[in-house]
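Spelled out, the chains give:
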Amino acid sequence: MIVPRLSARYMSSGPIKSSLMLSRIPIVTRALNPFEKEYFNYQAELERRLMRTFPQYYYFKKGTLAERKFLDIQNGVISKQPNVWYPKGIPDVKHGRDRRLKQNILIPSEEANKNDEKNLSRPIEVNARVTEADKTNNMSSLNRKLSHTLYLIVKEKDQWKFPSFNLESQPLHTAAEKGLVDLGGNQIKIWTVSNTPAAVIKYCEGELVAPTYESPDERIERHYIIKSHIVAGSFQPMNIEYKWVTNDEAASFFDVSYFQQWFQSKDSDNNPPVLIIRTYKSHDLLETLISEESPLAKENRLFKKRMSLESEEMFVKLISVGFKEASLDSPTFRASVNFTNQQIQQVEAWLNGIYTALTLIQNGMGKVEQVANGIEMLIVPDVVSTSGVINNDYTQTAMISTGEGLKKIFLEYSRLLHFDTRILKLVENLVKNELNSYKIQRMQFETIQLRYDKVSSLHHKMEKTKPLEQIREESYQLYEVRKQYLESSLELYYRMARLTNSINFTLIEIANSFWSGNLNPDMLQLLGIAKVQMSVKRIYGWKTQVEQSSNDMIRNIQRTKAQTEMMMTASMKPPSRLTDYDCSLLSYSNVFLEDEPGIRTEKHGWLYMKTSSQNKIEWVRRWVFVKDGLFGIFSLSDDKLSVQETNKIGLGLINFKFAPGEERRFCFELKTLRVSITLQAETLLELKTWMTVLKIQKERILNKELNHCFVKCELPPPMADFASHMSTYVDTELTSTKGLEHIKSFYKGLPCSSLYQRIHKGVFINTPVTTSLSVESILFQALFSPPSFPNAVTANIWGSVNWGMYFFPEMKREIYPVSKKEFYPSSYPVDLQLADIELKSLFEVVFASDEKTMLTMKCNWIPNSEQELYGRSFLTQEHIYFYMNHMGFVSLIRKKLADLINIECDSKEDCDILKLYYSSGYVSKIKIFLDSGMAVQKKMSLLILNQRRQVPRSLQSLLSDFNNIDELKGQEQAELATQRRDTIPSIVHSIPTSMEAPITIDYQKDFHLIWDKVYDSPPKVLFHAFLGDNVDMLHKVVPLVETSGSETARTSWHAGRKPPGLERKVYPFIGITSISSKKLEFTQVIEHMVNNRYYEFYQIDQTLSIGGIFFSTETRVTIQMVSSKRSRLKIYLRPIFNSPKFNLFRPLYYSLFRSRVTKLDRELQVMLKQLGASNEIVKALHSFGPISQTEQKEQLIPPGQLAEVVEIRGAVLFLFLTKKSLIKALKFSFGVLSNIRLIIASALSIVTANHVILFCLSLSLILNLLLMGQTVSSYYTFHKTSTLLSNYMKETPYLLQRSIQLTDIKDQISSRTYINSTSDLVYQQFMNTSFLFNFPNVQLQDYSDIETSQSAKILKQSFDNIGIRRNYLLVQLRILNHAELQIAEAEWRNWLVSESRRCNQVRRLDRDITDGVQETISSIMSYCQQCSDHLEQVYAQSEKLL
């Protein structure tokens, strides 16, 4: 039986209940998503395609009836015939099967009864996955959501939660099992996972609190969760409302405070979504796996839900640079794995050497112990004591002493070199198991890589005339090989990450084994290696913590590996349509992507480039990129250990086009003035994407969206080491040494400079990607601002895609801005120079010219409760940077120092913890293992204060203060703090371990309790409200002395008389109650403090004198936590006096003190209200200020200006005590006199004034009646108006339509032979009432019955519709008439233009015509003149119309 263990202090603090998390595991497997269905279908089809031919001779004997039936139902194959063209390819028939296709076999079957259960050949009918309970949404049934895990929830006190049961002197799991039987009957069988509770939920006064919350003053109700599964049976409830819900459904039933506190998004090793509940077991998490949907969709949904609950800045962006490069098979990946493999081989030789050395040390230690045990007998043998040759007085004594001393020396030497022999097994396991496993994976990787390169080369060599089916088949073969290569690449990188981690942990274990024994501290101090032991122990503590978090990191790596493989496999799948392989369909106009969503403006990837070597045409594989108006090519170096590049060419110098004339498929050509580059893409989509990106980039250049100077020039590599050494023609032409002479001249003498040599020897940072040129890249990145486009420099640090840009995309980047030769001032330390180079090479941001690294430290960054990242932190004048590179994951963090409002330091045994408070409410932690946390805290605080100065201090001044802090580290007295108060600000001393428990002290025996109140704020908020640097509160409680906070001076906190207490002096401004011209001094002391749990401080006032009575006051304040958001404030008072006369006015003194505290409480309430309800502690630190501390006492006021005793003047004291009473008495007297004067005046005029009063009353009554009537009238008018307006707004609006009716309709009716329009009375009455003759004034009321009335309404509606239709047709007819007129006028104008042109031709021939036809010509000219006149009139009429 296992029961939860509680501390004795809280054993009886509240009731305990057993809560049951009962689940029904999934009954069927989850439904496949579309990608999985497609994947399994492809695998099945591929298996059928590759399977061997069906052996019919084995199942059907030749010549039998069974064979004939089998052959009759088979589909025959098309055989190969000569001189026949096959559009789908030439058949390949063997053994009656076309081996190009899968073989479909039809098996003969006999008719049988489908309902016969004994018939084994009957068809299988699959049950439905959706049950009746799913259709009716019956949530009380277990037969629902068969592919999900269901949880039992019940409704208790109008809230849904897990069922909970009271304990009756029995274990938790027994109480849960028994309670379930009472709840749902004994027909259900369950299996309890463990007797130990999986989690705990706490309630305080009915409200949900944190699991770590404890309070001795309140009864906390604890619900311990027992996890259990249903095995068999049925659940039969007893008068209780219950439901079986899934993980997602629980969110809609649980209370928000119940669900959101425990629900978080975290995946297990197999990537299922999980429900996580806070627990106190290992890793502090309980994972309940629920497979409900695809992992990627679930992860995104849960992440969005979490981001809506928490601040975004609590989450850190992690980029798996290695996996991303491996998935792209970039040049950086290939160079990195080759270089890392070379380094691993060297480390293996090193480990073998260490193993040999440790073995020799182990063997040598045995000999040393033998020598130590025998040295005494060797130096002083037994024969010496009986020999007459040796002087027994001195010589023998000297030899005996020497023997004893040598024995101690040898034994101590043996103890110093002693180590744990298990280290040998650890090293042996690393070398033989993990290293050998890596070697096997490396060999497999190299084999698959060679195969992939070969298959890829053959695939690209395929001619255009090859059948499309065969091309598609070859594409699928390449796809299968590429999948194997992708899997092998990711697995290799995963093995490398784990192996690197194991090597580092093993080496730390070896180092720690020499210092973990019982070593003599005096001997270590004598040898000067005590600091070495402490450093190694702290490093081992770091290793222990990182080793625990590495397990979570390994799961993240496995999940990232699986997700990367899945996404890349889906993206590189070949198309299934044959048209996607047909090059004959391409032309210059359809090689671009049109209106496709998500078209990028940059592109990078592998292409085959046409070139020549030794007068032989060949195609080589190159990594090509297009970005920011530049085109460039990456390639591997000759030793395949680094990435090199050719010239980067601006697209303003390049013309590109589709190249259909090449012998290979999907080619395009780039042309410059110097060289022509022909490139081949793998697929049609790749070709169109490259062409589209080039087109978009060219358009941006023409539109001047890309207007930097490099779009129309060539950029050579920055250094010769980065230039491509490929000897092909195109590579040689593209790699030029012309241009950028200022960069080349700068680099010419750089390898011989001292800075370059220091970088090669002193840079010890792990870059995201490591190649043989990473150090040179670091130098270039540090001395020049990083460009925005890819280059060989960033490729050897951040990968071929430059993943560092994705951390700070908002930063603007320049292109090759050259720095000055004078990089650092002479006073700038060398170690900081190296750190500054490391910082600027890693962070892809533009630094200010004067921003330099002030401090670097190895630390762990804790941005939230779930992540702990280890790496290196850099501190500059303006920012704090953090870089993390662990097991393939890289992260960059950049925070402004100006956003920090406070820093706290807590020293532990194995590390120091810095807690950083930001103005936004965000809180993060930093664990420091090798440096002093207090020193780092002081340096950071110094830089924060420097940011708040109007004129920041110089770099040299800050470095000088940093050196002083380092010199004063560990000393109790500091000389720097005596000169400048703001030099070393910090929070108060760290909390001693002996003060971790809350302190409850009752001071009522020695003090008088003045104030006791509970506030809705944490204790830390009240503590800073009283003693913060920006507020003055405590000294205002002193009675009899008028003080002004605006003119109050105070010192910083310093070590008090009773450590670890802190003390400071306050010098308030004295009002008129004192006759002394000297200053008043108060002493404030912080006596006890447990962070945000308990605070105790007191104040001793200046000695006062009243009529010869000397007294002072000690004010003691305690702040104690009630709950996480509430605290109790107590203020005690104890007067210290020298005469019993003080007892005469003690009650008055207490009353004055209480009035001061009441006034102080009102001010405190206003201050707390301004903070709000969220992030109160951070806001309090920002508003009230931190607690500034110096290393030495300060004296703001000279001792000669301080008053020993402050004398209170009697008259002023009397006024001070009675001023409020006098003011109230004067006000009361003035009011009484005024009332008496009014009464007397009224009495004198009552005889004559009563008539006036009666008249005024009557007049006012009449006016009131009139006004009342007007008010009532206005009210009803307004009410009627509003009703009409409302009804009008609710009415359906009428649509006005025009209708045209015939006026001769009556004549058509009266023309009937049987109607006399003049004498027929019936017809006359009809004319008076019918809508035909009275339109539009029509009233359809003169009808005898409803039927004829309805018919009349229908006829009227038809009549109106005819009119509306007639109007529409007439409008259309008018439009047609107008159009016909326009056509006629256009024809007339066109004919006139034609005749006018003929006349012009006649005029040109007029001079060549003879006199015989002159009359004919004259008539023609007259005709032409008439044509011209008509044409001018047409044009004039057109102008008028316009």
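See the structure printed just above.
Here the structure is a predicted model, which means the values were calculated and not measured. (Residues numbered from 1 in each chain as written. Predicted model: local features only at pLDDT ≥ 70, side-chain atom pairs only at ≥ 80, totals over all residues. Heavy atoms only, no water.)

Colleague: What's the story with the overall build of the protein chain in this structure? I'm lost.
Modeller: Per the secondary structure count, the protein chain includes 34 helices and 40 strands. Within the protein chain, buried positions represent 43% of all 1442 residues. Residue pairs at least 24 apart in sequence account for 68% of intrachain contacts in the protein chain once pairs closer than 6 positions are excluded. With the model as given, the accessible surface of the protein chain reaches about 80,800 Å², and the carbon-plus-sulfur share is 55%. (Helix = DSSP H or I, 4+ residues; strand = E, 2+ residues; numbered from the N terminus. Buried < 20%, exposed > 50% of the residue type's maximum accessible area, 1.4 Å probe, protein only. Contact = heavy atoms within 4.5 Å. Areas by Shrake-Rupley, 256 points an atom, 1.4 Å probe, with all protein chains shown as cover.)

Colleague: Please clarify how the state of the cysteines should be interpreted in this entry.
Modeller: Covalently bonding the sulfur atom of one cysteine to the sulfur atom of another cysteine gives a disulfide. This structure, assessed with the given rule, holds one disulfide. Paired through a disulfide, C1399 and C1424 show a sulfur-sulfur distance of 2.0 Å. Between C1399 and C1424, the S-S torsion sits near -85 degrees, and that sign places the bridge as left-handed. Taken as a pair, C1399 in helix α33 (residues 1346–1405) and C1424 in helix α34 (residues 1414–1441) lie far apart in primary sequence, 25 residues in all. Summarising the burial analysis for this pair, C1399 and C1424 share the class buried. C667 supplies the cysteine sulfur nearest to C583, a cysteine that is in no disulfide, at a spacing of 8.3 Å. Classification of C583 as buried rests on a relative accessible area of 14%. Free of any disulfide, C911 has its nearest neighbouring cysteine sulfur in C905, separated by 9.9 Å. (Disulfide = S-S within 2.5 Å.)

Colleague: Would you mind going over a nonpolar patch on the surface with me for this structure?
Modeller: Together, F1255, L1259, I1262, L1263, L1266 and L1267 make up an exposed nonpolar region whose accessible area comes to about 620 Å². Assignment of secondary structure puts L1263 in helix α30 (residues 1246–1290). (Patch = residues over 30% accessible without salt bridge, like charges linked within 9 Å, V, L, I, M, F, W, Y side chains within 5 Å. Salt bridge = Lys/Arg side-chain N within 4 Å of Asp/Glu carboxyl O.)

Colleague: Please clarify how helix α23 (residues 830–842) should be interpreted in this entry.
Modeller: In an α-helix, one turn spans 3.6 residues; hence positions three or four apart end up facing the same way. For α23, which comprises 13 residues, the first-to-last C-alpha distance of 19 Å matches the rise-based estimate of 18 Å (1.5 Å per residue) to within 8%. Among the 13 residues of α23, eleven are classified as buried, and the element is accordingly described as predominantly covered. The complete set of buried residues in α23 reads L832, Q833, L834, A835, D836, I837, E838, L839, K840, S841 and L842. (Expected span 1.5 Å × (residues − 1).)

Colleague: What am I meant to see in the pattern of salt bridges here?
Modeller: Two side chains bearing opposite charge may form a pair once their charged atoms approach each other closely. Scanning the entire structure with this criterion turns up 43 salt bridges. Two residues, E1114 and R1116, come together in a salt bridge whose shortest N-O distance is 3.2 Å. By the burial criterion, E1114 is buried, and R1116 matches it.

Colleague: Explanation requested: the packing of aromatic side chains in the structure shown.
Modeller: The relation between two aromatic rings is expressed through the spacing of the ring centres and the mutual angle of the planes. Throughout the structure, instances matching the rule amount to 28 aromatic pairs. Ring plane angle 70 degrees and centroid distance 5.1 Å describe the contact between F235 and Y242, whose orientation is recorded as edge-to-face. Residue classification places Y242 among the buried positions, given a relative accessible area of 15%. Through a chain of ring-to-ring contacts, three or more aromatic side chains come together here, namely F54, Y58, Y59, F60 and F70. Over the aromatic face of F592 sits the side chain of K695, whose NZ or CZ is 4.8 Å from the ring centroid. K895 extends its terminal NZ or CZ atom over the ring of Y918, reaching a point 5.8 Å from the ring centre. (Phe/Tyr/Trp six-rings, centres within 6.5 Å; stacked < 30°, edge-to-face > 60°. Lys NZ or Arg CZ within 6 Å of the ring centre and 35° of its normal.)

Colleague: Sorry if this is basic, but what is going on with the environment of A511 here?
Modeller: Considering the arrangement of structural elements, one finds A511 in helix α14 (residues 468–513). Taking the relative accessible area as the measure of exposure, A511 reaches 32% and is therefore partly exposed. A511 sits 25 residues away from V536 along the chain, and the two C-alpha atoms are 7.1 Å apart.

Colleague: What should I look at first to understand the side chain of N1367 in this one?
Modeller: Counting through the fold element by element, N1367 comes out in helix α33. Once residues within four sequence positions are removed from consideration, N1367 is found in contact with R1298, S1299 and I1300.

Colleague: Could you clarify how one ought to interpret the sheet that holds strand β28 (residues 900–907) in this entry?
Modeller: Hydrogen bonding along the main chain pairs the strands of a sheet, whether they run parallel or antiparallel. Read from one edge of the open sheet, eight strands run β14-β27-β26-β25-β24-β30-β29-β28, paired in antiparallel fashion. The open sheet has two edge strands with one neighbour each: β14 (319–320) and β28. Two strands pair when backbone bridges link them, and strand β24 (residues 853–862) and strand β25 (residues 869–876) are joined in this way by eight bridges, in the antiparallel orientation. The partner of T856 across the bridge, within β25, is F874. (Pairing = 2+ DSSP bridges.)

Colleague: Looking at this structure, how should I read unusual backbone geometry?
Modeller: Comment: phi is negative for the bulk of residues other than glycine, and the bulk of peptide bonds are trans. Even without being glycine, N137 reaches a positive phi, approximately 55 degrees. Mapped onto the secondary structure, N137 falls in the loop between α4 (132–136) and β4 (150–156). Even without a glycine there, the phi angle at K640 is positive, about 60 degrees. One can find K640 in the loop between β17 (630–636) and β18 (643–645). Taking relative accessible area as the criterion, K640 reaches 45% and is therefore assigned partly exposed.

Colleague: Just to check I follow, could you spell out the nonpolar core for this structure?
Modeller: When a protein is soluble and globular, its nonpolar side chains tend to lie buried together. If you look at the biggest cluster of nonpolar residues, it comprises 108 residues, and the most contacted ones within it are W861, L914, L916 and M940. The element contributing the most residues to this core is α14, with 17 residues. Beyond its immediate sequence surroundings of up to four residues, M940 is in contact with L875, I880, L900, I903, L914 and L916. Among the nonpolar cores identified, the runner-up in size contains 38 residues, and Y1015, F1023, F1153 and A1180 belong to it. (Core = buried A, V, L, I, M, F, W, Y, C linked by side-chain atoms within 4.5 Å.)

Colleague: Quick question: what am I supposed to make of the environment of R664 here?
Modeller: Within the secondary structure, R664 sits in the loop between β20 (655–658) and β21 (667–671). The exposure class assigned to R664 is buried, which follows from its relative accessible area of 7%. Taking the C-alpha atoms as reference points, R664 and T465, 199 residues apart in sequence, are found 9.8 Å from one another. Apart from the residues within four sequence positions on either side, R664 is in contact with H460, K461, K464, Y608, W619 and Q680. Reaching out from R664, the side chain makes a polar contact with the side chain of Q680 at a distance of 3.1 Å. (Polar contact = N/O pair within 3.5 Å; in protein donor to acceptor, adjacent residues only side chain to side chain.)

Colleague: Can you walk me through the pairing of strand β30 (residues 923–928) in this structure?
Modeller: Put simply, side chains in a regular strand alternate between the two faces of the sheet. Judged from the four bridges that link them, β24 and β30 form a sheet pairing that is antiparallel. Residue pairing across strands places C859 opposite I928, the latter belonging to β30. As paired elements, strand β29 (residues 912–918) and β30 share six bridges and run antiparallel to each other. Within the sheet, the bridge partner assigned to L914 lies in β30 and is I926. Between the antiparallel neighbours β29 and β30 lie four residues, among them G921 with a positive phi of about 100 degrees.

Colleague: Got a minute to help me understand the packing of helix α26 (residues 1019–1027) against helix α28 (residues 1176–1184) in this structure?
Modeller: Between two packed helices, what matters for the description is the angle formed by their axes and the separation of those axes. Put simply, α26 and α28 touch, their axes get as near as 9 Å, and they point 5 degrees apart. In terms of orientation, α26 lies roughly parallel with respect to α28. Touching K1020, V1021, H1024 and A1025 of α26 are E1176, I1177, A1180, L1181 and F1184, all from α28. Partitioned by chemical class, the residues of the contact of α26 with α28 number six nonpolar, one polar and two charged. (Axes fitted to C-alpha atoms, helices over the stretch in contact; angles between N-to-C directions. Parallel < 35°, antiparallel > 145°, perpendicular 65-115°, else oblique. Nonpolar A, V, L, I, M, F, W, Y, C, P; charged D, E, K, R; others polar.)

Colleague: Quick question: what am I supposed to make of the environment of E156 here?
Modeller: Tracing the backbone shows E156 in strand β4. Owing to a relative accessible area of 24%, E156 belongs among the partly exposed residues under this scheme. If near-sequence neighbours (up to four positions away) are discounted, E156 is found in contact with K161, F162, P163 and S164. Of note is the side chain of E156, whose polar atom sits 3.5 Å from the side chain of S164.

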